[in-house]
Amino acid sequence: MSKNKYNMLVEEITNRVMEKIIEKLEVSEGNGFDTIFQELKGELEKISILPDNKIDASYYTEKQIVDVLKNMGYEYKKAMGNKLHFFNKETSISLYVTQPKNVISLVP
């Protein structure tokens, strides 16, 4: 097999493997939001999903939300502007609570 054909074959295999990896990441990220929402819903029954995968927790006080997040294993890290940053070491997931609206998101 010529070097050029070998390189093309390696590139084709690499592309297919990368496509499969990306597909799996997209599925797990999508499921991750749903899982987090369902866990929160167990503690904060009156939350709902907003556009852009944000969670409306405005019915609850900031203290109630913080207490639930801490009970779920999230540790308060720092404030980032008007958002409180929480991190779960076990799952490596960060959550952000926007003040004063009490909206929870996965992105800062």
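Here the structure is a predicted model, which means the values were calculated and not measured.

S.K.: Where do I start with the overall build of the chain in this structure?
M.R.: For the chain, the count of helices and strands is two helices and six strands. Shown N-terminal to C-terminal, the secondary structure of the chain runs as helices and strands in the order α-β-β-α-β-β-β-β. Out of the 108 residues in the chain, the part that is buried amounts to 26%. Taking contacts inside the chain between residues at least 6 apart in sequence as the whole, the part at least 24 apart equals 30%. Split by element, the accessible area of the chain, about 7700 Å² in all, is 54% carbon and sulfur.

S.K.: Is there a simple way to explain unusual backbone geometry in this structure?
M.R.: Leave glycine aside and you will find that most residues have negative phi; peptide bonds, for their part, are mostly trans. Geometrically, the link from Q99 to P100 is a cis peptide bond, its omega value of -10° lying close to zero. Tracing the sequence through the fold places P100 in the loop between β5 (93-98) and β6 (103-105). Here S92, not a glycine, exhibits a phi torsion of approximately 60°, which is positive. Along the polypeptide, S92 turns up in the loop between β4 (83-88) and β5. A relative accessible area of 52% means that S92 is categorised as exposed.

S.K.: Would you take a moment to explain the nonpolar core for this structure?
M.R.: Of all hydrophobic cores here, the largest spans 19 residues; its most connected members are L40, I47, I65, L69 and I104. Mapped onto this core, the elements with two or more residues apiece are α1 (3-43), α2 (62-71), β4 and β5. For L40, the contacting residues outside a window of four places in its chain are I47, I55, V68, L69, M72 and I104.

S.K.: Would you explain the side chain of T98 in this entry?
M.R.: Counting through the fold element by element, T98 comes out in strand β5. Once residues lying within four places of it in the same chain are set aside, the contact partners of T98 are N82, K83 and V103.

S.K.: Please explain the sheet that holds β4 as it appears in this structure.
M.R.: As a general point, the strands of a sheet are linked pairwise by backbone hydrogen bonds and lie either parallel or antiparallel. Taken in spatial order, the six strands of this open sheet run β1-β2-β6-β5-β4-β3, and their pairing is antiparallel. Single-partner strands in this sheet number two, and they are β1 (48-50) and β3 (75-80). Here the strands of the sheet are splayed against their neighbours by 30° on average, with no regard to which way each runs. Sheet analysis places β1 next to strand β2 (residues 54-56), joined by three bridges and oriented antiparallel. Opposite I49, over in β2, you have I55 as the bridge partner.

About the thresholds
- Residues numbered from 1 in each chain as written.
- Predicted model: local features only at pLDDT ≥ 70, side-chain atom pairs only at ≥ 80, totals over all residues.
- Heavy atoms only, no water.
- Helix = DSSP H or I, 4+ residues; strand = E, 2+ residues; numbered from the N terminus.
- Buried < 20%, exposed > 50% of the residue type's maximum accessible area, 1.4 Å probe, protein only.
- Contact = heavy atoms within 4.5 Å.
- Areas by Shrake-Rupley, 256 points an atom, 1.4 Å probe, with all protein chains shown as cover.
- Core = buried A, V, L, I, M, F, W, Y, C linked by side-chain atoms within 4.5 Å.
- Pairing = 2+ DSSP bridges.
- Axes fitted to C-alpha atoms, helices over the stretch in contact; angles between N-to-C directions.

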